[in-house]
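As a plain string of letters, each chain reads:
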Amino acid sequence: MRADDAMRVSVEVVGDGLARVEMCRGAGNAIDLAMARGLLDAARECEKARARAVLLTGRGRSFCVGGDLKEFAALPGERLAAHLTDVTDALHGALRILAGLDAPLVVAVQGAVAGAGLGLMAAADVSLAAVDAGFTAAYTAIGYTPDAGVSWSLPRLVGPQRAADLLLTNRRVTAAEAVQMGLVSRVVSSERLMAEAVRTAGDLAHGATVAYGATRRLVRGAFSIGLAEHLDAEARQLAAAAVSSEGREGVAAFLAGRRPDFSRHEAAPPEPPRPGPERPGAVRRDGA
C-alpha cells in the first residue's frame, strides 16, 4: 500500500482470517483519489491474504460522506473528467475484487452515509447501522450521477421505484426506515455497533468460506438469469459443495454433535459434470 494511501485506509488481517478495513481520513472519510486507491490496495491485500471474511468500517462520526467535492472543485474542467475516471477506476476496482472473493463482506456504518459511501455499504452481504446513521444518495443534488455501483445495488435492495425515489429526490433516510425498506440488514445501538460488527464478521471468518463464495455468486446472479437456469446453477453448486472437504466436514460434525472446523479446506469445490445433451430436454448453460 502506498504511504499516502495508508493514511486514509488501514487494513489488518488477523490470525483467523478476518480482514478489518477501516477508512480513517477524518472529516467524513470523503473519498479523494488517494482514498480510492487505498481502498483498492486494501481489497488486493484481502485477496492476497485469502481473507475468510472482510469487515469494512469508517473511523469517526460518519462512515463516508461520498466523494471529496473540494478536491473535485479545485480542478479545471479539462482535468476533472480524467480525475474522476481515475477515482472511479480505483473505487470500482476495489468493489470488483471484494465482490469476487469467497469471503463475505460485513459493513458497519454510523453517522452520514452518502454518495459512494452508500455504494460501499450496499455492496455488503451483511450491513449493520448505528441508530444515528442517516442515508442519502446526494448525487443529483449537485448535478452528478451515481457511482460505486449505487444504481445497480439500490434497485436490488429496495426495488426500482424506491431506488429511483432515493436517487432523484436525495431524501434522507433514517436507520429505522433503512432497515424497514431492506437497505441495511439490522440496526444496533451506537455503543454496540463495532462489537456487533466484529462478532458477526468473526463468526463468518470461522465458517464455510467456499460455500459462502458460491452462495454469494448465486444471490448476485438471481436477478440476471431465469428460474430454470438458476435452478441448474443451484444444483451444480450443491453437488460441488457436498463432495468438497467443507461439505464432508460439516456433515461429519453435525452427525457427531460437534462444531465443524472449516479452517482447513480445499481452495475451491470441484466442479461437477454438467448435464449433457443425452439427458432428455437438457440444455448446456453456463453457471451463475
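As the structure is a prediction and not an experimental result, all values here were calculated from the model. Along each chain, the written sequence defines residue order, and numbers are assigned to residues from 1. pLDDT decides what is reported in this predicted model: residues at 70 or higher carry local features, side-chain atom pairs at 80 or more are listed and counted, and totals for whole chains, interfaces and linings draw on all residues regardless. Side-chain numbers here rest on the full set of heavy atoms in the structure, without hydrogens or water.

Got a minute to help me understand helix α7 (residues 160–169) in this structure?
A simple rule labels every residue: compare its accessible area, found with a 1.4 Å probe on the protein chains alone, to the largest value its type can have, and call it buried under 20%, exposed over 50%, or partly exposed in between. Here a strand is any run of E in DSSP of at least two residues, a helix any run of H or I of at least four, and the numbering for each starts at the N terminus. Within α7, burial applies to Ala163, Leu166 and Leu167. Within α7, the buried residues cover an arc of 90° as seen down the axis, which keeps them to one side. Exposed residues on α7 whose side chains face more than 90 degrees from its buried face are Gln161 and Leu168. Should any heavy atoms of two residues lie within 4.5 Å, those residues are counted as being in contact. At its buried positions, α7 is contacted by α6 (150–158), β8 (173–174) and α8 (175–181). When we speak of the arc, we mean the arc of directions from the helix axis to the C-beta atoms.

Sorry, what's going on with helix α10 (residues 209–221) here?
The end-to-end C-alpha distance of α10, which contains 13 residues, comes to 18 Å, matching closely the 18 Å that a straight helix rising 1.5 Å per residue would cover. Residues of α10 that are buried sit in contact with α4 (77–100), β4 (105–109), α11 (227–243) and α12 (245–256). Multiplying 1.5 Å by the residue count of a helix minus one yields the expected span of that helix.

Any chance you could explain the sheet that holds strand β3 (residues 53–58) here in plain terms?
Think of a sheet as strands paired side by side through backbone hydrogen bonds, with each pair either parallel or antiparallel. Two strands are said to pair when DSSP picks up at least two bridges between them. Across the sheet, six strands lie side by side as β1-β2-β3-β4-β6-β9; this open sheet has mixed pairing. The outermost strands of the open sheet, each flanked by one partner alone, are β1 (9–13) and β9 (186–188). Within this sheet the neighbouring strands show an average axis-to-axis angle of 20°, counted without direction. Axis definition: a line fitted to C-alpha atoms, limited for helices to the stretch in contact. Angles are taken between N-to-C directions and run from 0 to 180 degrees.

How should I be thinking about the nonpolar core in this particular structure?
It is characteristic of soluble globular proteins that their nonpolar side chains tend to be buried jointly. Grouped together as the largest cluster of nonpolar side chains are 58 residues, with contacts concentrated most on Val54, Phe63, Met121 and Phe135. Among buried residues, the Ala, Val, Leu, Ile, Met, Phe, Trp, Tyr and Cys ones that are joined through side-chain atoms within 4.5 Å form a nonpolar core. One finds Val106, Ala108, Leu128 and Val188 within the second-largest nonpolar core, a separate group that totals 14 residues.

I keep staring at the pattern of salt bridges and nothing clicks. Help me out?
Once their charged atoms are close, side chains differing in charge can pair, the charge on each being opposite to the other. Here, a salt bridge means any Lys or Arg side-chain nitrogen found within 4 Å of an Asp or Glu carboxyl oxygen. Inspection of every chain in the model, using the stated rule, returns 13 salt bridges. With a closest N to O distance of 3.3 Å, aspartate 32 and arginine 25 form a salt bridge. What makes aspartate 32 buried here is its relative accessible area of 3%. We note a salt bridge from arginine 25 to aspartate 68, for which the minimum N-O separation is 2.9 Å. Of this pair, arginine 25 sits in the loop between β2 (18–23) and α2 (33–48) while aspartate 68 sits in the loop between β3 and α3 (69–73), and the two are 43 residues apart along the sequence. It is possible to trace a salt-bridge network through shared partners that takes in Arg186, Arg192, Glu196, Arg199 and Asp203.

Explain the packing of α6 against α7 to me, please; I cannot follow it from the model alone.
The packing of two helices is summarised by the inter-axis angle and the distance between the axes. Between α6 and α7, the least distance of the axes is 7 Å, while the angle of their chain directions is 130°. In terms of their interaxial angle, α6 and α7 are classed as oblique. Regarding α6 and α7, the two cross each other, and that crossing is right-handed. Residues Val150, Ser151, Leu154, Pro155 and Val158 of α6 touch α7, and the partners they reach there are Pro160, Arg162, Ala163, Leu166 and Leu167. Gly counts as polar in this scheme, as do all residues outside two lists: the nonpolar Ala, Val, Leu, Ile, Met, Phe, Trp, Tyr, Cys and Pro, and the charged Asp, Glu, Lys and Arg. For the contact of α6 with α7, the per-class residue count stands at eight nonpolar, one polar and one charged. Throughout this description, any angle smaller than 35 degrees is read as roughly parallel, any larger than 145 degrees as roughly antiparallel, any in the 65 to 115 degree range as roughly perpendicular, and the remainder as oblique. A clockwise turn of the near helix away from the far one marks a right-handed crossing, whereas an anticlockwise turn of less than a right angle marks a left-handed crossing.

Help me understand the packing of α10 against α11, please; the structure alone is not making it clear to me.
One can describe the packing of α10 onto α11 by two numbers: an axis separation of 11 Å at closest approach and a directional angle of 180°. Relative to α11, the element α10 is oriented roughly antiparallel. Along its contact with α10, which presents Ala214, Leu218 and Gly221, the element α11 presents His230, Ala233, Glu234 and Gln237. Here the contact of α10 with α11 is built from residues that sort into three nonpolar, three polar and one charged.

Got a minute to help me understand the confidence of the model for the chain in this structure?
In low-pLDDT regions, the fine details of the predicted coordinates are not to be read closely. When pLDDT is averaged along the chain, the result is 87; 90% of the residues meet or exceed 70. pLDDT is defined as a per-residue confidence score from the predictor, taking values between 0 and 100. Contacts of residues 267–288 to residues separated by more than four positions or lying in other chains number 37 contacts, the stretch itself having pLDDT below 50.

Just to check I follow, could you spell out the environment of arginine 258 for this structure?
Of note, arginine 258 is situated in the segment after α12. Residue classification places arginine 258 among the partly exposed residues on the basis of a relative accessible area of 40%. Residues in contact with arginine 258, not counting those within four places in the same chain, are Glu249, Ala252 and Ala253.

I'm lost on the sheet that holds strand β7 (residues 134–136) in this one. Help?
On the basis of which strands lie adjacent, the open sheet formed by three strands has the order β5-β7-β8 and mixed pairing. The open sheet is flanked by β5 (112–114) and β8, the only strands paired with a single partner.

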